[in-house]
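Chain by chain, the residues run as shown.
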Amino acid sequence: MTNVATSGQMNWVGAWYAAPTRMLSATLSSRTLRQIVHLHAGGEQLRLRLSNRYGDGPVTLTSVSMGQALQSPVVRPGAQTVQFAGQPTVTLEPGQDVVSDPVSLRAEAFSDLAITFVLAQGESLTGHMFAQQTSYVSGPGVVTAIPAEATFFVYPLQTPSWWLITGIDVVPSAPLHAVVAFGSSTTDGFGSTPNANRRWPDYLAHRLRDAGETHFMSVLNAGIGGNQLTSSEVATGMPPFMFGEAGSKRLAWDALTQPGATDLIVHIGSNDLRIGVAGATLINAFQRVAQQARKTYRRVFGTTILPGGYPPEQVEQRRLVNTWLREQGQQWFDAIFDFATPLASPDDEAVLHPAYDSGDGIHPNDEGYRLMAEAVDINQLTGNPGREA
């Protein structure tokens, strides 16, 4: 079964995604937000996805628009108003997700899109904490049409998170499939250069583009920093769901409902091991994820767990899981991509190679993320519909 969402005769494909989590209040009410996202697919029809999944009360957005980002908060002329059921204002009740009406706006793959709205009422408690992308917040009040040179003055505040926005879908000019990268902070891109789009799913998207038209797929990033596959346990004193609900639970909305998606790459489990989850428990969880995902996806892939940051007693548990993935994983997944071996220290396979370490011994740097993307055998992926002909 292929996960393809349609609206009338429009075949929508995800071009960008950010998995939602519970956020701490940033007192954004009555401010204008301009948020920057990087698209992995283009089209001339777009739609915006919003979520108040973790809100305590309703939120109302006004003056919603989308436009091509020129430089930081500056938007090119031609930004378009976004409506919801024909209305320029939308209210999201607690727990509600909303999809906008189609917007006529040409957007290219690998371009930046600016999403602007006024948070007119309510407080944003749903978002994506570690965006690796800078977005912009106005002072109190509504920001209306302003000259480009004044943009920096009316958006004096910066945020490293995305708020309320979860997805951009496009109607591509030619049929297109998407692959979803599902994981934790090393899929979210923690440790990569901010505003440079150097997460491993970004590098994979470029590889698929460079490989030619039949290989090209949109790549959707469903990573959440700190996420675990088997539970949502957090450290004492941390807010609940700070690092997302258990991957086995959020798979349903972060991976299995993505428009146009045919393939899934699962890269998760390091945080489970760090809190003491047994390797056998994690293996069973991988098997259940693979079984569940196969009901939606054509192809489902596993990956080995990266080295770095494990307590001594869990080093052997990681080795147990990775050995199972390499030797038996293909009984459950279509293929296993070995992310761990290229990033391991030559002196100790449980330690992240210093050349690929962002500095904390756990998260790769840009070059490490590039190597992870290189470990994906793109010939195993479904590719776009032209490849099937």
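This one's a predicted model, so the numbers in the text were calculated from it and none came from an experiment.

Here we come to helix α4 (residues 247-254). An α-helical turn contains 3.6 residues, so any two residues separated by three or four positions project in the same direction. Along α4, the residues classified as buried are Gly247, Arg250, Leu251, Trp253 and Asp254. Of the surrounding elements, those touching the buried residues of α4 are β3 (13-17), β19 (178-183), β20 (218-223), β21 (261-267) and α6 (279-293).

On to the environment of Val75. Turning to its location among the elements, Val75 is positioned in strand β8 (residues 74-75). Distance in space between the C-alpha atoms of Val75 and Phe339 is 38 Å, their sequence separation being 264 residues. Once you skip the residues sitting within four places of it in the chain, Val75 turns out to touch Arg34, Gly67, Gln68, Leu70 and Ala114.

This brings us to the packing of α6 against helix α7 (residues 312-328). Two elements in contact, α6 and α7, have axes whose closest approach is 8 Å; the angle formed by their N-to-C orientations is 35 degrees. The two elements α6 and α7 cross, and the hand of that crossing is right-handed. Along its contact with α6, which presents Gly279, Ala280, Leu282, Ile283, Phe286 and Gln287, the element α7 presents Gln317, Leu320, Val321 and Trp324. When its residues are assigned to classes, the contact of α6 with α7 shows seven nonpolar, three polar and no charged.

Another aspect to go through is helix α3 (residues 200-210). Those residues of α3 not exposed but buried are Trp200, Pro201, Asp202, Tyr203, Leu204, Ala205 and Leu208. Check the buried side of α3 and you find it contacts β19, α2 (185-188), β20, β21 and α9 (366-374). Positive phi appears at Gly212, one or two residues downstream of α3, with a value of about 120 degrees.

If a strand is regular, its side chains alternate between the two faces of the sheet. Most of β3 sits inside the fold, with five of its five residues counted as buried. Direction of pairing for β3 relative to strand β18 (residues 165-170): antiparallel, over a ladder of four bridges. Looking across to β18, one finds that Tyr17 is bridged to Gly167.

The next subject is the pattern of salt bridges. Under the defined criterion, the tally for this structure stands at 20 salt bridges. Residue Asp334 is joined to Arg294 by a salt bridge in which the shortest nitrogen-to-oxygen separation is 3.1 Å. Of this pair, Asp334 sits in the loop between α7 and β23 (335-337) while Arg294 sits in the loop between α6 and β22 (299-303), and the two are 40 residues apart along the sequence. What makes Arg294 partly exposed here is its relative accessible area of 34%. We note a salt bridge from Arg370 to Glu374, for which the minimum N-O separation is 3.8 Å. Taken together, the positions of Arg370 and Glu374, both in helix α9 and four residues apart, correspond to about one turn of that helix. Overall, Glu374 belongs to the partly exposed group, its relative accessible area being 40%. In this structure, a network of salt bridges that share partners links the residues Arg207, Glu367, Arg370 and Glu374.

The next thing to look at is the sheet that holds β23. Spatial ordering of the open sheet is given by β20-β19-β21-β22-β23, a layout of five strands whose pairing is parallel. Edge positions in the open sheet fall to β20 and β23, since each of these has one partner strand only. The average undirected angle you get between the axes of adjacent strands in this sheet is 25 degrees. Across the sheet, α3 touches β19, β20 and β21, and the angle it forms with β20 is around 170 degrees.

A word on the nonpolar core. Ranked by internal contacts, the top residues of the largest apolar core, which has 102 residues, are Leu48, Met66, Ile168, Leu264 and Phe286. Tallying contributions element by element places α6 first for this core, with seven residues. Beyond its immediate chain neighbours, meaning those up to four positions away, Leu48 contacts Val64, Met66, Val82, Phe84, Val98, Val99, Ser100, Ile115, Ile165, Gly167 and Ile168. Among the nonpolar cores identified, the runner-up in size contains six residues, and Ile36, Ala69, Ala114 and Val143 belong to it.

Here we come to the packing of aromatic side chains. Evaluated as defined, the whole model comprises five aromatic pairs. Aromatic side chains Trp200 and Phe339 sit 5.1 Å apart centroid to centroid with 70 degrees between the ring planes, which places their arrangement in the edge-to-face category. You can see Trp200 sitting in helix α3 and its partner Phe339 sitting in the loop between β23 and α8 (340-343), a full 139 residues away along the chain. The same class applies to Trp200 as to Phe339, namely buried. Geometrically, the ring pair formed by Phe301 and Phe337 is stacked, given 4.9 Å between the ring centres and 25 degrees between the ring planes. Of this pair, Phe301 sits in strand β22 while Phe337 sits in strand β23; the two residues are 36 residues apart in sequence, bridging distant segments of the chain. Here the two residues Phe301 and Phe337 agree in accessibility, since each one is buried. Directly above the ring of Trp253 sits Arg53, whose terminal nitrogen or CZ lies 4.2 Å from the centroid.

Rules and cut-offs
- Residues numbered from 1 in each chain as written.
- Predicted model: local features only at pLDDT ≥ 70, side-chain atom pairs only at ≥ 80, totals over all residues.
- Heavy atoms only, no water.
- Buried < 20%, exposed > 50% of the residue type's maximum accessible area, 1.4 Å probe, protein only.
- Helix = DSSP H or I, 4+ residues; strand = E, 2+ residues; numbered from the N terminus.
- Contact = heavy atoms within 4.5 Å.
- Axes fitted to C-alpha atoms, helices over the stretch in contact; angles between N-to-C directions.
- Left-handed = near helix turned anticlockwise from the far one by under 90°.
- Nonpolar A, V, L, I, M, F, W, Y, C, P; charged D, E, K, R; others polar.
- Pairing = 2+ DSSP bridges.
- Salt bridge = Lys/Arg side-chain N within 4 Å of Asp/Glu carboxyl O.
- Core = buried A, V, L, I, M, F, W, Y, C linked by side-chain atoms within 4.5 Å.
- Phe/Tyr/Trp six-rings, centres within 6.5 Å; stacked < 30°, edge-to-face > 60°.
- Lys NZ or Arg CZ within 6 Å of the ring centre and 35° of its normal.

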